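What follows is the residue order along each chain.
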Amino acid sequence: MRRFFVPLLTSRVVSESYTELRFPWPGDLRRPLPGQFLSLGVNSSPPVFLRRPFSLSGFDGSRNEAAVMVLPRGPASEALCRLRPGEMLDIIGPRGFPFPYHHNTHDPRPIVLVGGGIGVGPLQFAAQYLLERHEPVVLLLGFREPAMIPALEFPQGARVRLACEKAPLPEGVHLGKVLDLAEDFFDREEPREVWTCGPPGMLHRLASLCLARGIACSVLMEEMMGCAVGACMGCAVPVNDGRGYLRACTEGPVFDAAIVDWEGLWT
Ligand SMILES: Cc1cc2nc3c(=O)[nH]c(=O)nc-3n(C[C@H](O)[C@H](O)[C@H](O)COP(=O)(O)OP(=O)(O)OC[C@H]3O[C@@H](n4cnc5c(N)ncnc54)[C@H](O)[C@@H]3O)c2cc1C
Ligand code: FES
């Protein structure tokens, strides 16, 4: 991990909700892994003083380029979406522990990626990473509105299913929640494990579904962050394994769903 400054290569609006930013990755820096994030320093109006965390949404090793997918919801994310190619990005990373990947092409059961909201970016990267390692991948993504559905080239070879809570819908998109897709999938096939990222309510319900069925589940927690270096406890996640709280910035952001104290998260 280190701080670096690079020019934005491309900014692509992929739906009403998501803008993908692509930028060069320093050749001498460790390659990022799915689930890891970058701390971005942003010049915005009104100014924001704290850096903001954004998950990697892709990495192209042949060109040494990385990407993040930004969902505008405040001054920093909106300023990032307005950046034009050539403008500079101020980045610290890669940070955090990635999804726990154990190479096993002999296990035919798929790794199932389930998400929505800011989870679309990191799960897109996870799908790409796993397919490059010849793993079977199922990608289930949910959206609130049809206009949010991103025009993305989903990684070839992944079984992709989309859900949206409102009609009218493009052909093949399920009317309902991504959890319907997950439950339907678990009824028909046994996943090797589940990786997930999205709104906390969705994570909680998916974690309960997985725990009830004995499926290993890793959650990427999009906790609010302050210092991002482990000092302020602003990103604390309550856990039930005797350790009290873990910090998403230094001990996460990916956690075993079985150790998260989901009830404690809401109080
Ligand atoms: C590990 C991690 C990875 C992330 N990855 C991405 C990503 O890939 N793409 C992306 O667009 N965003 C991502 N985020 C969220 C992003 O960092 C925040 O939304 C950030 O606060 C945006 O800054 P802002 O100044 O635009 O908005 P702010 O002014 O900070 O926030 C705007 C509004 O959103 C709410 N909010 C902010 N952050 C969160 C949060 N984490 N959970 C719930 N509500 C929140 C605030 O309460 C406020 O109401 C990630 C967060 C974490 C912790
Ligand atoms: S953001 Fe301060 S401890 Fe994690």
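Analysis parameters
- Residues numbered from 1 in each chain as written.
- Chains lettered and ligands numbered in written order.
- Predicted model: local features only at pLDDT ≥ 70, side-chain atom pairs only at ≥ 80, totals over all residues.
- Buried ≥ 20, exposed ≤ 12 C-beta atoms within 10 Å, placed from the backbone.
- Helix = DSSP H or I, 4+ residues; strand = E, 2+ residues; numbered from the N terminus.
- Pairing = 2+ DSSP bridges.
- Domains from an automatic or database assignment.
- Contact = placed C-beta atoms within 7 Å.
- Nonpolar A, V, L, I, M, F, W, Y, C, P; charged D, E, K, R; others polar.
- Core = buried A, V, L, I, M, F, W, Y, C linked by C-beta atoms within 7 Å.
- Axes fitted to C-alpha atoms, helices over the stretch in contact; angles between N-to-C directions.
- Expected span 1.5 Å × (residues − 1).
- Arc of directions from axis to C-beta.

Attention now goes to the pairing of strand β4 (residues 37-41). When you tally the buried positions in β4, you get 4 out of 5 residues, the bulk of the element. The sheet contact formed by β4 and strand β5 (residues 52-60) spans 4 bridges and is antiparallel. The residue bridging Leu 40 from the neighbouring strand is Arg 52, located in β5. Across 4 bridges, the pairing between β4 and strand β7 (residues 88-95) is antiparallel. Of the residues in β7, the one forming a bridge with Ser 39 is Ile 92.

Before going further, it helps to spend a moment on the domain arrangement of the protein. Accessible area lost upon the coming together of the parts is a frequently used measure of interface size. Examined at the domain level, the protein breaks down into domain 1 (2-95) and domain 2 (111-222). Computed over C-alpha atoms only, the centres of domain 1 and domain 2 are separated by 23 Å. Opposite the 15 residues of domain 1 that make contact, domain 2 presents 17 residues. Within the residue set of the side of domain 1 that touches domain 2, elements represented by two or more residues are β5 and β6 (65-70). Top element by residues in the side of domain 1 that touches domain 2 is β5. It accounts for 5 residues. Its residues placed into classes, the side of domain 1 that touches domain 2 shows 8 nonpolar, 6 polar and 1 charged.

Where strand β2 (residues 10-13) meets strand β3 (residues 19-24), 4 bridges bridge the pair, whose relative direction is antiparallel. Looking at β3, one finds that Ser 11 is bridged to Leu 21. Between the end of β2 and the start of β3, which pair antiparallel, lie 5 residues. Two elements, β3 and β6, share 6 bridges in a ladder whose sense is antiparallel. Bridged to Glu 20 within β6 is Met 69.

Moving on, we get to the nonpolar core. Nonpolar side chains tend to gather and get buried jointly when the protein is soluble and globular. Counting 69 residues, the largest nonpolar core has Leu 113, Ala 126, Leu 139, Leu 140 and Val 219 as its most contacted members. With 7 residues, the top contributor of residues to this core is helix α2 (residues 120-132). Formed jointly, this core draws a minimum of three residues from each of two domains, domain 1 (2-95) and domain 2 (111-222). In contact with Leu 139, not counting residues within four places along its chain, are Leu 113, Leu 123, Ala 127, Phe 154, Ala 158 and Val 160.

Spatially, β11-β10-β9-β8-β12-β13-β16 is the arrangement adopted by the 7 strands of the open sheet, whose pairing is mixed. Only two strands of the sheet have a single partner each, and these edge strands are β11 (174-175) and β16 (254-256). Two elements, strand β10 (residues 159-164) and β11, share 2 bridges in a ladder whose sense is parallel. Following the sheet pairing, Cys 164 is matched in β11 by Leu 175. Helix-sheet contacts for helix α3 (residues 178-188) involve β8 (111-116), β9 (137-143), β10 and β11, and the interaxial angle to β9 is about 150°.

It is worth spelling out helix α4 (residues 200-213) at this point. Because each turn of an α-helix spans 3.6 residues, side chains separated by three or four positions end up pointing in the same direction. When the terminal C-alpha atoms of α4 are compared, their 20 Å separation across 14 residues agrees well with the 20 Å that a helix rising 1.5 Å per residue should span. For α4, the full list of buried residues reads Met 202, Leu 203, Leu 206, Ala 207 and Cys 210. The buried residues of α4 occupy an angular sector of 130° when the element is viewed end-on, so they sit on one face. Along α4, the residues that are exposed and aim more than 90 degrees away from the buried face are Gly 201 and Ala 212. Of the surrounding secondary structure, the elements contacted by the buried residues of α4 are β8, α3, β12 (193-197), β13 (217-220) and α6 (262-265). At the C-terminal side of α4, Gly 214 shows a positive phi close to 70°.

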